[in-house]
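Chains, contacts and geometry: an overview
For reference, the chains in residue letters:
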Amino acid sequence: MKAVKLLNKRNTGILMSYFYTFLNMICGLFLSSFLLRMLGDTEYGIYQTISSFAMYLVLLEFGTGTVLTRNILVIKNSGNSEKIKNVISTMSIITVLLAIVIMVISVIFYFSIDDIYANTMSAQQIIYGKKIFVVMTVYLVVSYFSQTLSGIALGMENYLFSQIVKIGNLALRVILLVSVIWFNRQALMIAYIDVLLSIICFIVIYTYLKRVYKIQIRFKYFEFSILKESMPLCTA
């Protein structure tokens, strides 16, 4: 009975994943058209340029959420559930260290914006672009922590929760962007909204894990054996 229930949850999660992919595509097309019309070529162009530049920081995340999911599933199947807290603690420490690396690299990126876009942007646009970059860096770091937490939920074989959070986040993003940009036509508002939603997602996911699975994020356990096993997956 338990296996059937788990299979149904997994199938529902897969269907929700397809639905999210489809919804994300539709919302992406709508928002691109809406933002371009409301902000204009120059304003939206600055946002697109800087956001694309900031996305290089994502390469430093190394998929710790996926690795965490895999490790928890392996431990659960081996019957050694007590080791799960060690895995979560170890991967949480790795996530924090990588987040620090991301922030350090982002500082280097920040000061390189002047030289990279000196021939394509005015001085005022570069200053504006730097503001967007700072806010987007905060968004990427908070989202990185949220993705790691989502990996815990998936490791607990809860395939539905993460999809519900993603769909809810997408719906709220569309509503907030349309509402805010309609009255305040600044590309910086897009970055602010993304930061706000990423913080909300982090709080929701952490609260859910704490209440449902009694998960406590602690930084007192670090096993090099877990790091060694995870490195091939992180760099794959």
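Criteria and cut-off values
Residues numbered from 1 in each chain as written. Predicted model: local features only at pLDDT ≥ 70, side-chain atom pairs only at ≥ 80, totals over all residues. Heavy atoms only, no water. Helix = DSSP H or I, 4+ residues; strand = E, 2+ residues; numbered from the N terminus. Buried < 20%, exposed > 50% of the residue type's maximum accessible area, 1.4 Å probe, protein only. Areas by Shrake-Rupley, 256 points an atom, 1.4 Å probe, with all protein chains shown as cover. Phe/Tyr/Trp six-rings, centres within 6.5 Å; stacked < 30°, edge-to-face > 60°.

Comments concerning the overall build of the chain
- A count of helical and extended segments in the chain gives seven helices and zero strands.
- For the C-alpha atoms alone, the extent of the chain along its principal axes is close to 60 × 35 × 30 Å.
- Put simply, the chain has 236 residues, and 41% of those count as buried.
- Accessible surface, the chain: about 13200 Å² in total, of which carbon and sulfur atoms supply 67%.

Description of the environment of Phe 22
- Position of Phe 22 relative to the elements: it lies in helix H1 (residues 2-54).
- Put simply, Phe 22 and Met 55 are 33 residues apart on the chain and 22 Å apart in space, counted from C-alpha to C-alpha.

Considering the packing of aromatic side chains
- Tallied over the entire structure, the rule returns eleven aromatic pairs.
- Aromatic side chains Tyr 44 and Tyr 47 sit 6.2 Å apart centroid to centroid with 20 degrees between the ring planes, which places their arrangement in the stacked category. Here the residue Tyr 44 and the residue Tyr 47 both occupy positions in helix H1, the gap between them amounting to three residues, near one helical turn. For the pair Tyr 44 and Tyr 47, one class covers both residues: buried.
- Geometrically, the ring pair formed by Phe 53 and Phe 133 is tilted, given 5.8 Å between the ring centres and 40 degrees between the ring planes.

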